[in-house]
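Residue-level structure breakdown
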Amino acid sequence: MVERTPQQRAARRHKRRRGFVALFLIGLAIIFAGVWLIPAEDADQALIQAERRQRALRAAFGMALPGTPDLANLNGRLEQHGVTLGAPVFVRIFKREFELEMWMLRDGKFHRFATYPVCRWSGRLGPKLATGDRQAPEGFYSVDSKSLNPNSRWHRSFNLGFPNAFDRAHGRTGSFLMVHGGCSSVGCYAMTDAVIDEIWRIVTVALDQGQKRFQVQVLPFRMTEANIERYGGHAHAPFWRSLKPGYDLFEAELVPPVVSVCGKRYAFNSGARAKDVSGPVLSQCQSPKPGHQTSPDDKKPRA
C-alpha cells in the first residue's frame, strides 16, 4: 500500500467533498426541473427550500456562499466605493433573493456598498404573525446600540426590534428576531460568521461615531412592478403592496424614508430634509408633506 503524504490526503478529502457537493447540486437541479409541475406558490416554496439546502451545505463545508464580497479586503473595497468606516448606514434585506444590502452615506446620499448572501431564513414568504410560527419578520425596523449582542449564541447578532408599532397594531407577537452569524434560523436571518463579522464592524463603528440608530427594511422580494404582479394573488399581497411606497421612496431619493404608523397602516415621508431618518417606527398620524407616500389602502374611501 502506497503511503500518501498529508498534502495528498488533504487533497483527496477536498476532492471527495467537491464531488459530494456536485452530486448534491445535480439533485437540486432535478428538483428545480420538477417544481414546474406543482402550483406556483408551492413551487416557489420548493425552490426556496432547495436554495436553503445548498447554502447550508456550502456553509457546513466552510465554502463561501456565491456572491460573498472579498471580506479580506474591506479597506480596499471601502476606498473603491469612496466611503469610510463611521459613515451612517442603512440596510435592506430581500427574502426571496436571499440578500442583505449594506448602504453607506456618501455626499448626502446613501450608496450601496455591499450585497451579502443570506445563508438562511425560516418560514415562508410573508410576515411574522405569532410567537412560534417560525416566520422571519417583514417590515420597517430600527436598530440602535442596545440591540447589538457581541456574545450571541450565533457569534454576533443585532435585534431587528420586532414587533414594531405596525406589528403591535395588528396583534403580532414574537421577540428576539435577529440578524446573526451561522447558518441556522428560527425566525432570524443567518449570515454566516464571516459575513456577520464584516457587517458588525461597519454598523458598530457607525453607531460609535454618532449615528443614533439605523433603519432596516425587510422585504419579501425586490419590490418591482413585475414582482408585485407576480405575487398579486398571494394571501399577503395587500400587505406587500403597503410596503412598496417606502421601498419606492428610498429608490427615488437614496435616503431612507421617515416611517410611521397611522390607522394600522404604514405611512412614509421623504427623508431628504428630515433631521432623523432612522428613528423608531411610531404610531402617529402626520399631515401629508412633500414626498409623502401612503399605502394603497389609504386612498380607498372609508366607511
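Since the model is a prediction, treat every value here as computed from it, not as a measurement.

Definitions and limits used
- Residues numbered from 1 in each chain as written.
- Predicted model: local features only at pLDDT ≥ 70, side-chain atom pairs only at ≥ 80, totals over all residues.
- Heavy atoms only, no water.
- Helix = DSSP H or I, 4+ residues; strand = E, 2+ residues; numbered from the N terminus.
- Polar contact = N/O pair within 3.5 Å; in protein donor to acceptor, adjacent residues only side chain to side chain.
- Contact = heavy atoms within 4.5 Å.
- Pairing = 2+ DSSP bridges.
- Axes fitted to C-alpha atoms, helices over the stretch in contact; angles between N-to-C directions.
- Disulfide = S-S within 2.5 Å.

Overview of the side chain of Gln217
Within the secondary structure layout, Gln217 lies in strand S10 (residues 213-219). At a separation of 3.1 Å, a polar atom in the side chain of Gln217 contacts the side chain of Gln215. Contacts of Gln217, omitting those with residues within four sequence positions, involve Phe90, Val91, Arg92, Ile93, Gly139, Phe140, Gly246, Tyr247, Phe250 and Pro257.

Remarks on the sheet that holds strand S2 (residues 99-106)
The five strands lie next to each other as S3-S2-S1-S10-S5, forming an open sheet whose pairing is mixed. The sheet terminates laterally at strand S3 (109-117) and strand S5 (139-144), the two strands that pair on one side only. Across this sheet, the average inter-strand angle for adjacent strands is 25°, counted without regard to direction. Of the pairings in the sheet, the one linking strand S1 (residues 89-94) to S10 comprises four bridges and is parallel in character. Each residue of the ladder has a partner; that of Phe94, found in S10, is Leu219. Contacts from helix H3 (residues 74-81) reach S2 and S3, with the element oriented near 145° to S3.

Some details on the state of the cysteines
Scanning all chains against the criterion turns up two disulfides. Two residues, Cys119 and Cys183, share a disulfide whose sulfurs are 1.9 Å apart. Because the sign of the S-S torsion sets the handedness, a value of about -85° for the bond joining Cys119 and Cys183 places this disulfide among the left-handed ones. Separated by 64 residues along the polypeptide, Cys119 in the loop between S3 and strand S4 (120-121) and Cys183 in the loop between strand S8 (178-180) and strand S9 (189-190) bring together distant segments of the chain. Once the bonded cysteines of the protein are numbered in order along the sequence, the disulfide links fall as 1-2, 3-4.

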